[in-house]
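Each chain is listed here by its residues.
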Amino acid sequence: MDPDYSAQDVARCDLCKTAKAQSYCDFCNVNLCKPCIGEHISDEYDKHKIVAIHQRKSTLIYPKCQTHQNENCKYQCNDCNISICSDCIASKQHNKDHEFVKLEEVYNTKKEQIQSDTKELENCILPAYEEIANELEMQIASLDGEYEKLTMQMSKQREEMHREVENVINQMEIEIGEIKVKHNSLLQKHLNEIKQLQSLMQQTLLVLNEIEESNEVSKTINFSSKNEEFSKIPPKVIASMPKFIPKQIEREELCSLIGKLTPLSIILEERVFTEKKPNTSVRELLDQPEILNTIKTGHKNLRSVTCLNEEQIWTSGETADIKCFNIQGVLQKTIQTKSRKFPNDIAVDRDGALLYSAGTPMTVYKVKNDQTEKIITLHGWRPTKLCVTASGDLLVTMYSDDKTQSKIVRYSGSTVKQTIQFDDEGQSLYSGNSKIKYISENRNLDICVADSGAGAVVVVNQAGKLRFRYTGEPSSTKNKPFKPRGITTDSHNRILTADRDNNCIHILDPDGQFLRYIDNCELGNPRGLCVDSNDSLFVCEYDEGNVKKIRYSK
């Protein structure tokens, strides 16, 4: 590449248009290369002022005096608030009792104020507005999830109300059945009594017929009539049918039974701008990082490590065992995955519970007090890497069953709050394949993804807007393509990512600028990374199954 046309060299000669400009005419405001200086001043105009390029615009251009056409105004009248020349001061045309000040002094004072305003605007006020914008974008991005949660609560209440109505109707139906049995029993009792009397009457009729046809005196004179008894007809049974009297449904009363939906409340809270003080305790990066400890995990193909606290770490590889070690490397606990297959990733939430993702089944599990529960179950997507955010949300990277799409989903519990998949132009932020995408949230709430399929670290802000892509740092010693795997961030918003094929760690600043490598610790196929509260780095060595604890800052 021609150095004359490098990106940082933009000052060209305004005359020849090709050569680099080393000089500047501070009166005519033109860039000049050395050969063109003579041509520029050849008109013998005595106002030309040639200075070095870095001193351009150092000569002040004063306004012309409205009264004395050939004079420049180099003074300001504070009483009249106008610019005047020296002839104005000497003449009687301007009040000599007025207070005059040199325009150069006013200019310098204003310049200092402008520089101060520029610095304050760039470093303090604008970042404050960016933070507000990010916060609003995040709120907008989470609206669907929050309103879906609200709708789910109402649906749950609807199901509960339906269940209670069913219970009440079922109980009434049982009562109807019991009343029917009682009603039937009563009628049947009276029917039996009537039939019994009918039978007695039939028997009496037979006796009467026999006596009528008989001429025996004894039978006839000893007969006793029962008609008076039979004429006493049993009382009529009148049983009124039970009735269902439906209660008229009053909408307001029904709403009060179901619950209350509060209206949207909007309050404009006054913001008070407070200048953020710079962090003066930034730990400097060590020229030669050092290994503090090597923990032999025994994992086959070690993939992930996460800090439980300052004294313990969880690790996982391509086995069904998830192991907890203390910092000295002593095994503290082992957990078996539900599926008896290796987890895609592990994380620890703010309560110290272990989270792990499984591609088969497509589920994220939570283990607390030795009890395992499903917290997220997916359909059509396979969960891979996990990250617990500062707010307690869970970020999950995942890819589609057909391995053509990848995305990040933010969960609050089991509820989706945000999906990050496309940029402002509708293009995919992440490579559309099953390549594992490690994820970490920075302290500034940026979401950092090591996308090995794309050969890049992709960083978006809290609202999911793309901030930058880092595709590696050119190096004569790192000659293999950049394929980032593990990723983590430290207390100063620095981003650390594992370069698997070059056996090193890249350290970036919060804006994606390369700072330096960690390449002196004999790392073998580094994968998962995590940083504890003291900014100690833990690195998984995939082949050896070791976790190396490294100090890289002081």
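Since we're looking at a predicted model, the values are computed, not measured. (Residues numbered from 1 in each chain as written. Predicted model: local features only at pLDDT ≥ 70, side-chain atom pairs only at ≥ 80, totals over all residues. Heavy atoms only, no water.)

Asks: Any chance you could break down the overall build of the chain for me, citing the residues and the numbers?
Replies: Helix and strand content of the chain: 6 helices and 30 strands. Against the globule reference of 24 Å for 554 residues, the chain gives a C-alpha radius of gyration of 45 Å, more extended than a compact globule. Looking at the 554 residues of the chain, the share that counts as buried comes to 35%. At a minimum sequence separation of 6, the contacts of the chain that also span at least 24 residues come to 43%. Of the accessible surface of the chain, which amounts to about 35,500 Å², a share of 49% is contributed by carbon and sulfur atoms. Averaging the locations of the 72 positively and 81 negatively charged side chains of the chain gives two centres separated by 4 Å. (Helix = DSSP H or I, 4+ residues; strand = E, 2+ residues; numbered from the N terminus. Rg over C-alpha atoms; globule rule 2.2 N^0.38 Å. Buried < 20%, exposed > 50% of the residue type's maximum accessible area, 1.4 Å probe, protein only. Contact = heavy atoms within 4.5 Å. Areas by Shrake-Rupley, 256 points an atom, 1.4 Å probe, with all protein chains shown as cover. Lys, Arg positive; Asp, Glu negative; His and termini not counted. Charge placed at Lys NZ, Arg CZ, Asp CG, Glu CD.)

Asks: Account for the packing of aromatic side chains, with residues named and values stated.
Replies: Inspection of every chain in the model, using the stated rule, returns 3 aromatic pairs. Seen from their ring centres, Y470 and F482 are 5.5 Å apart, and the 80° between their planes marks the pair as edge-to-face. A residue pair is termed long-range when its members are at least 10 positions apart, and Y470 in strand β23 (residues 466–470) and F482 in the loop between β23 and β24 (484–489) qualify at 12 residues. Accessibility assignment for this pair places Y470 and F482 in one class, buried. Taking the centre distance of 4.6 Å and the plane angle of 55° together, the rings of F514 and Y517 count as tilted. (Phe/Tyr/Trp six-rings, centres within 6.5 Å; stacked < 30°, edge-to-face > 60°.)

Asks: I'd like a rundown of the sheet that holds strand β5 (residues 82–84), residues and numbers included.
Replies: Pairing is antiparallel across the open sheet formed by 3 strands, whose spatial order is β5-β4-β6. The sheet terminates laterally at β5 and β6 (100–102), the two strands that pair on one side only. Each strand of the sheet is rotated relative to its neighbour by a mean of 35°, with strand direction disregarded. Where strand β4 (residues 75–77) meets β5, 3 bridges bridge the pair, whose relative direction is antiparallel. Across the sheet, the residue bridging to Y75 is I84, located in β5. In the packing of helix α3 (residues 103–213) onto the sheet, the strands contacted are β4, β5 and β6, and the crossing angle to β6 comes to about 65°. (Pairing = 2+ DSSP bridges. Axes fitted to C-alpha atoms, helices over the stretch in contact; angles between N-to-C directions.)

Asks: Explain the sheet that holds strand β17 (residues 394–400) to me, and be specific about the residues and the numbers.
Replies: Pairing is antiparallel in the open sheet, where 4 strands are placed in the order β16-β17-β18-β19. Looking at the sheet topology across the chains shown, the edges are occupied by β16 (381–388) and β19 (415–420). Between one strand axis and the next, the sheet turns by 30° as a mean value, whatever way the strands run. With 5 bridges joining them, strand β18 (residues 406–412) and β19 adopt antiparallel strand pairing. The residue of β19 that forms the bridge with S412 is T415. The strands that α3 touches are β18 and β19; relative to β19, the one it contacts most, it runs at about 145°.

Asks: Can you tell me about the pairing of strand β12 (residues 345–348), naming the residues and giving the values?
Replies: Residues in a regular strand project their side chains so that they alternate between the two faces of the sheet. Residues of β12 alternate between two faces, with D345 and A347 on one and I346 and V348 on the opposite face, all of them buried. Taken together, the 4 bridges between β12 and strand β13 (residues 354–358) define a ladder with antiparallel strand orientation. Its bridge partner being in β13, A347 is matched across the sheet by L355. In textbook terms, the turn of a hairpin is the stretch between consecutive antiparallel strands, and for β12 and β13 this stretch comprises 5 residues, one of which, G352, has a positive phi near 85°.

Asks: An account of empty space enclosed by the protein is needed here, citing residue identities and associated values.
Replies: Summed over the entire model, instances satisfying the criterion amount to 1 cavity of 30 Å³ or more. In this structure, the largest cavity occupies an estimated 70 Å³ of space. Taken together, 13 residues make up the lining of the largest cavity; nearest its centre are T384, T397, M398, S406 and K437. Taken together, the elements giving at least two residues each to the lining of the largest cavity come down to β17 and β18. (1 Å grid on protein atoms, 1.4 Å probe; cavity = no way out; pocket = protein on both sides within 12 Å on 5 of 7 lines; lining within 4 Å. Points joined across faces, edges and corners; volume = space filled by probe spheres on them.)

Asks: Residue-level account of the state of the cysteines, with values.
Replies: Counting across every chain of the model gives 0 disulfides. The cysteine C16 is free of any disulfide, with C13 supplying the nearest cysteine sulfur at 3.7 Å. You can call C16 partly exposed: its relative accessible area is 29%. Here C33 stays unpaired: no disulfide links it, and the sulfur of C36, its closest cysteine neighbor, is 3.4 Å away. (Disulfide = S-S within 2.5 Å.)

Asks: Help me get a handle on a nonpolar patch on the surface, residues and values and all.
Replies: Taken together, I140, L143, Y147, L150, M154, L261, L264, I266 and L268 make up a surface patch of nonpolar side chains, about 1,000 Å² in accessible area. Residue placement: L143 occurs in helix α3. (Patch = residues over 30% accessible without salt bridge, like charges linked within 9 Å, V, L, I, M, F, W, Y side chains within 5 Å. Salt bridge = Lys/Arg side-chain N within 4 Å of Asp/Glu carboxyl O.)

Asks: I'd like a rundown of helix α6 (residues 251–258), residues and numbers included.
Replies: α6 sits mainly on the outside: 0 of its 8 residues count as buried. In the stretch just after α6, G259 is the one whose phi turns positive, near 145°.

Asks: Lay out the pattern of salt bridges in plain terms, naming residues and giving numbers.
Replies: Scanning all chains against the criterion turns up 20 salt bridges. D446 is the partner of R467 in a salt bridge, and the nearest nitrogen-oxygen pair spans 2.6 Å. Placement of R467 in strand β23 and of D446 in the loop between β20 (437–441) and β21 (447–451) is noted, with a sequence separation of 21 residues between them. For R467, a relative accessible area of 35% corresponds to the partly exposed category. Its relative accessible area of 4% is what places D446 among the buried residues. A salt bridge links D490 to R494, with the shortest nitrogen-to-oxygen separation between them at 2.8 Å. D490 gets classed as buried once you look at its relative accessible area, which sits at 0%. Judged by its relative accessible area of 7%, R494 is buried. Counted as one network, the salt bridges with shared partners bring together D393, R410 and K417.

Asks: Report on the pairing of strand β10 (residues 321–326), specifying residues and quantitative values.
Replies: Across the 6 residues that make up β10, a large majority, 5, are buried. Bridging between strand β9 (residues 312–316) and β10 involves 5 bridges; their strand directions are antiparallel. If you follow I313 over to β10, its bridge partner there is F325. As paired strands, β10 and strand β11 (residues 331–336) are joined by 5 bridges and run antiparallel to one another. For C324, the partnering residue across the bridge sits in β11 and is K333.

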